[in-house]
Amino acid sequence: METKERTPVLWLHGLECTCCSESFIRSAHPLVKDVVLSMISLDYDDTLMASAGHQAEAILEETMQKYKGKYILAVEGNPPLNEDGMFCIVGGKPFLDQLKHAAKDAAAIIAWGSCASWGCVQAARPNPTQAVPIHKVIKDKPIIKVPGCPPIAEVMTGVITYMLTFGKVPELDRQGRPKMFYSQRIHDKCYRRPHFDAGQFVEQWDDEGARKGYCLYKVGCKGPTTYNACSTVRWNEGTSFPIQAGHGCIGCSEDGFWDKGSFYDRL
Ligand code: SF4
Ligand code: SF4
Ligand code: F3S
């Protein structure tokens, strides 16, 4: 990979909270500095780049023309469709237009996080801006979905590393997620699973079962229906993940988790 020309990446931001970027910059394996400075050429990212305004938009156009069909388009957040996209404006135009324009000549498209992959909080009922996941507006190309709110840093850089190393898109499941990170449920590898199997549950917060580290299913854990790598890769350099910190999984990498009673709901 060291001898290859760095692959240009254009990283767009629609309706979002920016925590996918916050997660990405904490990647330890590989270190994000190696990804950004040695592996890819992050030519446009209106959150991280030094330039702004017309200069930044000019770089976007220049990169698209120079590397037509060769750049990776990474999208964080999603487009709102209501009122012709006026709820998210970038460079004086609706993000919807920027997204369609940049997707046209991309070699591959990555949807970072649950916003771009599924819609997430801004698409939760009643979705006043009519925010939609990016596959609703880009229909002529495969999209690599890397869901999670946010996704794990090493999952994000792992997907990029795979693409740069093998020159192809990783194997995806039927929903467009890389199988290498999303083929198992949190529940399948959860270290509290023996308690689930033994019928030992936390019945309410801070009870005896909670102190003993019992299973969190009865206080709303969505691990049995959530596909993500948290119970294997974990967060913060493999230190921990929500269940290890004492709270059930809220299913943040699943489609529509905001509307499925994930927050402090037993069902
Ligand atoms: Fe933020 Fe979650 Fe959307 Fe990522 S997926 S931008 S963390 S709201
Ligand atoms: Fe499954 Fe959640 Fe219990 Fe872990 S805490 S065993 S993921 S139900
Ligand atoms: Fe999200 Fe559940 Fe992992 S809430 S961070 S998928 S443990």
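The rules we used
Once a new chain begins, its residue numbering starts again from 1 and follows that chain's sequence as written. All chains are assigned letters beginning at A, and all ligands numbers beginning at 1, according to the order in which they are written. Since the coordinates come from a predicted model, pLDDT governs what is reported: local features require at least 70, and pairs of side-chain atoms require 80 or more to be given and counted, while whole-chain, interface and lining totals use all residues. Only hydrogens and water are set aside when side-chain values are computed; all heavy atoms of the structure are taken into account. Where helices and strands are cited, they refer to DSSP runs of H or I of at least four residues and of E of at least two residues respectively, numbered from the N terminus. Multiply 1.5 Å by the residue count of a helix minus one, and that product is the helix's expected span. A 1.4 Å probe rolled over the protein chains alone gives each residue an accessible area, and that area as a share of the maximum for its type sets the label: buried under 20%, exposed over 50%, partly exposed in between. By arc we mean the arc of the directions from the helix axis to the C-beta atoms, nothing more. Here, a strand pair is defined by DSSP locating no fewer than two bridges between the strands. Orientation is described by lines fitted to C-alpha atoms, with helices fitted over the stretch in contact, and by angles between N-to-C directions that extend from 0 to 180 degrees. Residue contacts follow a heavy-atom distance rule, with two residues in contact if any of their heavy atoms lie within 4.5 Å. By convention a nonpolar core is built from buried Ala, Val, Leu, Ile, Met, Phe, Trp, Tyr and Cys residues, the set being connected through side-chain atoms within 4.5 Å.

Go over helix α3 (residues 53-66), please, and point to the residues and values.
Counted at 1.5 Å a residue, the expected span for α3 with its 14 residues is 20 Å, and the 20 Å between its end C-alpha atoms agrees. Every buried residue of α3 is accounted for by A56, L60, T63 and M64. One face of α3 carries all of its buried residues, which in axial projection span an arc of 100°. Among the exposed residues of α3, those pointing more than 90 degrees away from its buried face are H54, Q55, E62, Q65 and K66.

Account for the sheet that holds strand β3 (residues 72-76), naming residues and giving values.
Reading across from one edge, β2-β1-β3-β6-β7 is the order of the five strands in this open sheet, with parallel pairing throughout. Each end of this open sheet is capped by a strand with a single partner; those strands are β2 (40-45) and β7 (143-146). With strand direction ignored, the average angle separating the axes of adjacent strands in the sheet is 25°. Along the sheet, helix α6 (residues 153-166) makes contact with β1 (7-13), β2, β3, β6 (108-112) and β7, crossing β6 at roughly 170°.

Tell me about the pairing of β7, residues and numbers included.
It is a general feature of regular strands that their side chains alternate between the two faces of the sheet. By the alternation rule, side chains of β7 split into I143 and K145 and I144 and V146, which are all buried. Taken together, the four bridges between β6 and β7 define a ladder with parallel strand orientation. Its bridge partner lying in β7, I109 is registered against I143.

Describe the nonpolar core, with residues and values.
Among the nonpolar cores identified, the biggest contains 37 residues, and I110, W112, V146, I160 and I243 are the most heavily contacted of them. Elements represented by at least two residues in this core include exactly β1, α1 (19-24), α2 (32-39), β3, β6, β7, α6 and α7 (179-182). It is α6 that provides the largest number of residues to this core, a total of six residues. Leaving out residues up to four positions away in the same chain, W112 has contacts with W11, C20, A74, V75, E76, G77, V146, M156 and I160. L10, L15, A102 and A103 belong to the second largest nonpolar core, which has 29 residues in total.

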